[in-house]
Amino acid sequence: MHYPIFSRHDLNGFWALFADTLANLLIISGVCRFVFGMPPEIVYGRILPGAAVSIILGIGVYVWMAQRLARRENRSDVTALPYGISTPVMFVYLFGVIGPIYWATQDPLLAWQVGIAAGVIGGLVEVFGAFVGPWLKRVTPRAGMLGTLSGIALVFIATVALARIYEDPLVGFTALAFILWGMVGRFRLPFGMPAGLTALIAATLVALVLGKSSFSVEGVGFYPPLPWFGDLMIGMGHLFDNPSLFAVLIPVQIYNFIETMNNVESAEAAGDRYPVGACQVTDGVGTMVGGLFGSPFPTTVYIGHPAYKRMRARSGYALGVGVVFMVGSLFGLVAFLGNLIPDAAVAPILVFVGVSIIAESFRSCQTKHHIAIAIAFIPHVSGLLVTKWGSMLNALRDMGNQNVPDLIDDAFVGEMLTQGAHVVGQSALAHGAIVSGMLWGAFTVFLIDGKIRQAQIVAVLAAVLTTFGVIHHPSMHWPDPADPLMWGYLLLAGILFFASRSELVQEGDEEFPLAPVTAAPSADGLSRKRTG
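Residues numbered from 1 in each chain as written. Predicted model: local features only at pLDDT ≥ 70, side-chain atom pairs only at ≥ 80, totals over all residues. Heavy atoms only, no water.

### Topic: the side chain of Asn12
- With respect to the helices, strands and loops of the structure, Asn12 is situated in helix α1 (residues 10-34).
- Within polar-contact distance, the side chain of Asn12 engages the backbone nitrogen of Ala195 at 2.7 Å.
- Residues contacting Asn12, with those up to four places away along its chain left out, are Met183, Pro194, Ala195, Gly196 and Met311. (Helix = DSSP H or I, 4+ residues; strand = E, 2+ residues; numbered from the N terminus. Polar contact = N/O pair within 3.5 Å; in protein donor to acceptor, adjacent residues only side chain to side chain. Contact = heavy atoms within 4.5 Å.)

So, in structure tokens, the structure goes:
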């Protein structure tokens, strides 16, 4: 069966992935230039070309994987994995690696050098993750992986993007109308126009009329991608002179390879099965190559495969984005596009991607496991709260206010508690949210299925990760035997252990039907079975 690399449905997928990638590159260029003081020759001449090299490399591999899958399964409906810079990890690298170096030294060149070194080290961590990724995928329930993925999609993609629409409603609702009509309702637009392209064009025209968009040639030039060996070695030296930065790098790269694993799982749930280990190696190598060519930011399989599958995209959408951004970075056109296309025009596409991920997660899991997906959302809601609280305090400092407290300052925490805001608890949930969300989702699935021993193991694993600071703490540290959260998880495991020593009675529920059991129901309508 012929598998077309390009199809007309790829246009919608192209504009969705284009918008997501453009948003990340604009954030990178804006923060690096105006927060960290990096000159245009670093931002447009090194970082963006390096990012484009890593993106086109990874996309090329994933297009090849899609072709191979289509031939092996004799299908023409295979959708290539989307790929690009990991948005959550991008912010960690900006404000957890590059930022501290810049603020300590006021040297933007050194901050960039340390950043690319951190990128290469992070890529190595992700490659090593490929050795455990397939095993993790086998032992982790699908609802746990997709639940934590959907939590990210809900709060950091759909919610934030919808807020952007409401900040600029005339532009945002113009684009939203076409996205709802063509992508949600799936009605054909006049002349067969792709909904994503139509939404961007219409909203940009409205923005131009309102004076909220402009044509600007700032940053336009010729920037060929080059390897930066000398700068990389300088950054490596400084990185190893400051080993505390590894406490940021290692957990966030663990997050990154787990994110890849979860996103590959979501693709399998949508019908396209890719090898998770090979994907993790691809992401790690892409990150290392990007670091060598000037980009500090790790790459990953993107979160939205089910959305692109729903658009009936094949491989052309991803390949087109890779080529466009390669050319765009070569000639410095990213800044031009950023000035032309407003955020509110892009936001409706991101809302669609976010809600599609959530819908596919529920659709691909058993009904009785839906509660596990919902529980896995919760740490990510806390993550959004803590992020915005921190942004509020930073904004107060930037306004010149004196004596602004830290988020976990005792006096501030006490005052927030009087307002019903649980800063300590929300912060604990926010740290390592993708891992803790996955653990809680897996725990719930095992409990529902009566697999008490596996649920105990998850609780003990959560205790171990907690005491090392992988979850619920801002950074990794040596084990703390007095950590109450660790003891909380151990208490949970202990209660399950003692409860499972006796006969367990599990009530049936029509909404969440139980898995088949060997024992026949008793006269009182309860099913009795030995579990553990």
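### A word on the layout of surface pockets
- Within this model, the second largest pocket holds a volume of roughly 490 Å³.
- Trp135, Leu136, Thr140, Leu439 and Leu461 are the residues nearest the centre of the second largest pocket, which is lined by 20 residues in total.
- Counting only elements with at least two residues in the lining of the second largest pocket, the list comes to α5 (133-139), α10 (246-269), α19 (433-448) and α20 (452-467).
- When grouped by side-chain class, the residues that make up the lining of the second largest pocket number 18 nonpolar, two polar and no charged. (1 Å grid on protein atoms, 1.4 Å probe; cavity = no way out; pocket = protein on both sides within 12 Å on 5 of 7 lines; lining within 4 Å. Points joined across faces, edges and corners; volume = space filled by probe spheres on them. Nonpolar A, V, L, I, M, F, W, Y, C, P; charged D, E, K, R; others polar.)

### Focus on a nonpolar patch on the surface
- There is a patch of nonpolar side chains on the surface, built from Val217, Val220, Phe222, Val323, Val327, Phe331 and Leu333 and spanning about 610 Å² of accessible area.
- Topologically, Phe331 is positioned in the loop between α13 (316-330) and α14 (334-340). (Patch = residues over 30% accessible without salt bridge, like charges linked within 9 Å, V, L, I, M, F, W, Y side chains within 5 Å. Areas by Shrake-Rupley, 256 points an atom, 1.4 Å probe, with all protein chains shown as cover. Salt bridge = Lys/Arg side-chain N within 4 Å of Asp/Glu carboxyl O.)

### Comments concerning empty space enclosed by the protein
- In this structure the tally under the stated criterion is three cavities of 30 Å³ or more.
- In this model, the largest cavity occupies a volume close to 60 Å³.
- Sorting the residues of the lining of the largest cavity by element identifies α19, α20 and α21 (484-499) as the ones contributing at least two each.
- Residue classes in the lining of the largest cavity are distributed as nine nonpolar, one polar and no charged.
- One number sums up the size of the second largest cavity: a volume of about 50 Å³.
- What lines the second largest cavity is simply Ala19, Leu22, Ala23, Leu26, Arg164, Ile341, Pro342, Asp343 and Val346.
- If you list the elements that add at least two residues to the lining of the second largest cavity, you get α1 and α15 (343-363).
- Here the residues of the lining of the second largest cavity sort into seven nonpolar, no polar and two charged.

### Quick word on the environment of Ile47
- Along the chain, the position of Ile47 falls in helix α2 (residues 40-73).
- On the basis of relative accessibility, which here comes to 1%, the residue Ile47 falls in the buried class.
- Residues Ile47 and Cys32, spaced 15 residues apart in sequence, show a C-alpha to C-alpha distance of 9.4 Å.
- Look past the residues within four positions of Ile47 in its chain and what remains in contact with it is Ile28, Cys32, Met38, Ile42, Trp112, Gly294, Ser295, Pro296 and Phe297. (Buried < 20%, exposed > 50% of the residue type's maximum accessible area, 1.4 Å probe, protein only.)

### Let's talk about unusual backbone geometry
- The backbone phi angle of Asn74 is positive, close to 55°, even though this residue is not glycine.
- On the secondary structure map, Asn74 appears in the loop between α2 and β1 (83-85).
- Residue Asn74 is classed as partly exposed on the basis of its relative accessible area, which comes to 46%.
- Of note, the phi angle at Arg312 is positive, near 65°, even though the residue is not glycine.
- With respect to the element layout, Arg312 can be found in the loop between α12 (305-310) and α13.

### What about α20?
- Taking 1.5 Å as the rise per residue, α20 with 16 residues should run 22 Å; its terminal C-alpha atoms sit 23 Å apart, in good agreement.
- Here α20 has its buried residues at Ile452, Ala455, Gln456, Val458, Ala459, Ala462, Ala463, Leu465, Thr466 and Thr467.
- Buried residues along α20 sit in contact with α19, α21 and β3 (504-506).
- Gly469 sits one or two positions beyond α20 and adopts a positive phi of about 80°. (Expected span 1.5 Å × (residues − 1).)

### Examining helix α16 (residues 370-398)
- Taking 1.5 Å of rise per residue, 29 residues should cover 42 Å, and α16 covers 43 Å from first to last C-alpha, within 8% of that figure.
- Gly400, located one to two residues past α16, shows a positive phi value of around 95°.

### As for the packing of aromatic side chains
- By the definition in use, this model includes 17 aromatic pairs.
- Ring geometry for Phe215 versus Phe336: centroids 6.3 Å apart, planes at 40°, classification tilted. A residue pair is termed long-range when its members are at least 10 positions apart, and Phe215 in the loop between α8 (195-209) and α9 (229-241) and Phe336 in helix α14 qualify at 121 residues.
- On the accessibility criterion, Phe215 (61% relative accessible area) is exposed.
- Where Phe362 meets Phe377, the ring centres are 6.2 Å apart and the plane angle is 80°; that geometry is what we call edge-to-face. With Phe362 in helix α15 and Phe377 in helix α16, this residue pair connects regions lying 15 residues apart in the sequence.
- Site record: aromatic cluster; members linked through ring pairs are Phe14, Trp15, Phe18 and Phe325. (Phe/Tyr/Trp six-rings, centres within 6.5 Å; stacked < 30°, edge-to-face > 60°.)

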